[in-house]
Number of protein chains: 4
Amino acid sequence: MLNPQYQSCIQACSSCALTCETCAASCLREDDVKMMARCIQLDRDCADLCAVAALLMTRDSPYAQLACRLCAQACRDCAEECAKHAHAHCQECAQACRRCAEECERMAA
Amino acid sequence: MLNPQYQSCIQACSSCALTCETCAASCLREDDVKMMARCIQLDRDCADLCAVAALLMTRDSPYAQLACRLCAQACRDCAEECAKHAHAHCQECAQACRRCAEECERMAA
Amino acid sequence: MLNPQYQSCIQACSSCALTCETCAASCLREDDVKMMARCIQLDRDCADLCAVAALLMTRDSPYAQLACRLCAQACRDCAEECAKHAHAHCQECAQACRRCAEECERMAA
Amino acid sequence: MLNPQYQSCIQACSSCALTCETCAASCLREDDVKMMARCIQLDRDCADLCAVAALLMTRDSPYAQLACRLCAQACRDCAEECAKHAHAHCQECAQACRRCAEECERMAA
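None of the values given here were measured: they were computed from a predicted structure.

> Would you mind going over the interface of chain B and chain C in detail, with residue names and values included?
With 18 residues of chain B at the interface, the matching set in chain C holds 18 residues. In total, about 1600 Å² of surface goes out of reach between chain B and chain C, with carbon and sulfur atoms giving 61% of it. The largest per-residue losses of area from chain B upon contact with chain C belong to Asp45, Arg59 and Tyr63 of chain B, which jointly make up 39% of the total buried on that side. At the junction of chain B and chain C, the tally comes to four salt bridges. Among the ionic pairs, Asp45 of chain C bridges to Arg59 of chain B, the shortest N-O distance being 2.9 Å. Across the chain B-chain C interface, the total number found is ten residue pairs in polar contact (both at pLDDT 80 or more). No other element matches helix α2 (residues 33–58) of chain B, which puts eight residues into the side of chain B that touches chain C. Class assignment of the residues belonging to the side of chain B that touches chain C gives a composition of eleven nonpolar, two polar and five charged.

Right, here's the structure in full:
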């Protein structure tokens, strides 16, 4: 661990990235895919931004904080969209995104 | 360029990754999203496998050839699925995938 | 979780990817960078292959098993190299890679 | 192409990502690795930020512009560091980074 202050945020981002991927893949297998399109889009952006934020924090990169700020935005938007859908994977994703947004906002502050 | 024999395959993989991403994002905006679900799934797997194959070749990694073999499989499957759909982004993606499969098969041989 | 049989392997890959990234970034800050060059190379390949294996398992992709097979190879090689170095980050990385290799070998079987 | 205004920036980011990867992998094989450590660090951050910016633009994501802004910063820093080193791969990387920074700055404006 290069920078221990990042530890819980790295875990939150890494976990949120996989939860968003799971949500996107699960949405694609639902009957109402059309209704889930925006959720899938936000899941994918959020997953990629979480992954890159985790990577940059892991390296204690000079861009880690700015990546966290961007990641927090994507997490907030994804949480808001996922919360609208009753699917279990969406509810779980909303929760992971909210937790990750809080961690990222603390890091970006 | 660490290993010039990879040059055209790196280009094909890098270009195919973006074409697959474009196809997935475009499929998500079509009216018949449900019918495109399998196309979106294959696009995403193919995009990620193309991206990692390009990375490993760029580094002249010992795993580059095995990554190309796996990438070629994903490209063949994605091309076959995309070819079934009349959308321009699917037809373009089928073509990019076929070209990338040929390059990767040559590298993996 | 689309495919619960992947759960522990996804965790191992996701954790190993971050441990390899940490090891690479830490090696780059050691005084003996030159001696760590091969370790850094293997760390990076291993991190990227772990990340893509985790992604594909998360999606229950048809390429997940082949990605696990390739990931297991990279993990075995990275563990062997890391084990040669006394740095704590290398020893931890060797351990994470061995555990990930075992999980991936079970999935690829 | 979902959003044609991004076309040249996507190409610049995609090409810069591979050039940064090539530079990092080449630096690791130089005799003076120690002297190249900061270059390798910036190359890797820049490569990852270019890759995610290209992805987000490809999807016409709401986060594309902010990702371009962050990418432009990494490109400027990486170009400045690479320009200090006489290695051909560093000079080429400096040039790719400068071009990518210009494209990203235009997109982020």
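Next comes the rest of the description.
> Tell me about the packing of α2 of chain B against helix α2 (residues 33–58) of chain C, and name the residues and values.
A pair of packed helices is characterised by two quantities: the angle between their axes and the separation of those axes. Between α2 of chain B and α2 of chain C, whose axes approach to 11 Å, the crossing angle comes to 175°. With respect to their mutual orientation, α2 of chain B and α2 of chain C come out roughly antiparallel. When α2 of chain B is examined against α2 of chain C, the residues Asp45, Asp48, Leu49, Val52, Leu55 and Leu56 of chain B are found in contact with a partner set consisting of Asp45, Asp48, Leu49, Val52, Leu55 and Leu56 of chain C. Here the contact of α2 of chain B with α2 of chain C is composed, by residue class, of eight nonpolar, no polar and four charged.

> Tell me about helix α3 (residues 64–82) of chain C, residues and numbers included.
An ideal rise of 1.5 Å per residue puts 27 Å on 19 residues; α3 of chain C measures up with 26 Å between its terminal C-alpha atoms. Those residues of α3 of chain C that sit buried are Ala64, Ala67, Cys68, Leu70, Cys71, Ala72, Ala74, Cys75, Cys78, Ala79, Glu81 and Cys82 of chain C. Close packing links the buried residues of α3 of chain C with α3 (64–82) of chain B together with α1 (7–27), α2 and α4 (88–108) of chain C.

> Let's hear about helix α2 (residues 33–58) of chain A: which residues, and what values?
Residue and element names in this part refer to chain A. The terminal C-alpha atoms of α2, which comprises 26 residues, lie 35 Å apart, in line with the 38 Å expected from a rise of 1.5 Å per residue. Taken as a whole, α2 carries its principal kink of about 30° at Cys39. Of all 26 residues in α2, 21 are buried, a share of seventy percent or more. Positive backbone phi, at 50°, marks Asp60, one or two positions downstream of α2.

Conventions we followed
Residues numbered from 1 in each chain as written. Chains lettered and ligands numbered in written order. Predicted model: local features only at pLDDT ≥ 70, side-chain atom pairs only at ≥ 80, totals over all residues. Heavy atoms only, no water. Contact = heavy atoms within 4.5 Å. Buried area = accessible area lost by both parts, 1.4 Å probe. Salt bridge = Lys/Arg side-chain N within 4 Å of Asp/Glu carboxyl O. Polar contact = N/O pair within 3.5 Å; in protein donor to acceptor, adjacent residues only side chain to side chain. Helix = DSSP H or I, 4+ residues; strand = E, 2+ residues; numbered from the N terminus. Nonpolar A, V, L, I, M, F, W, Y, C, P; charged D, E, K, R; others polar. Axes fitted to C-alpha atoms, helices over the stretch in contact; angles between N-to-C directions. Parallel < 35°, antiparallel > 145°, perpendicular 65-115°, else oblique. Expected span 1.5 Å × (residues − 1). Buried < 20%, exposed > 50% of the residue type's maximum accessible area, 1.4 Å probe, protein only. Bend = angle between axes of the 7 residues up to and from the residue.

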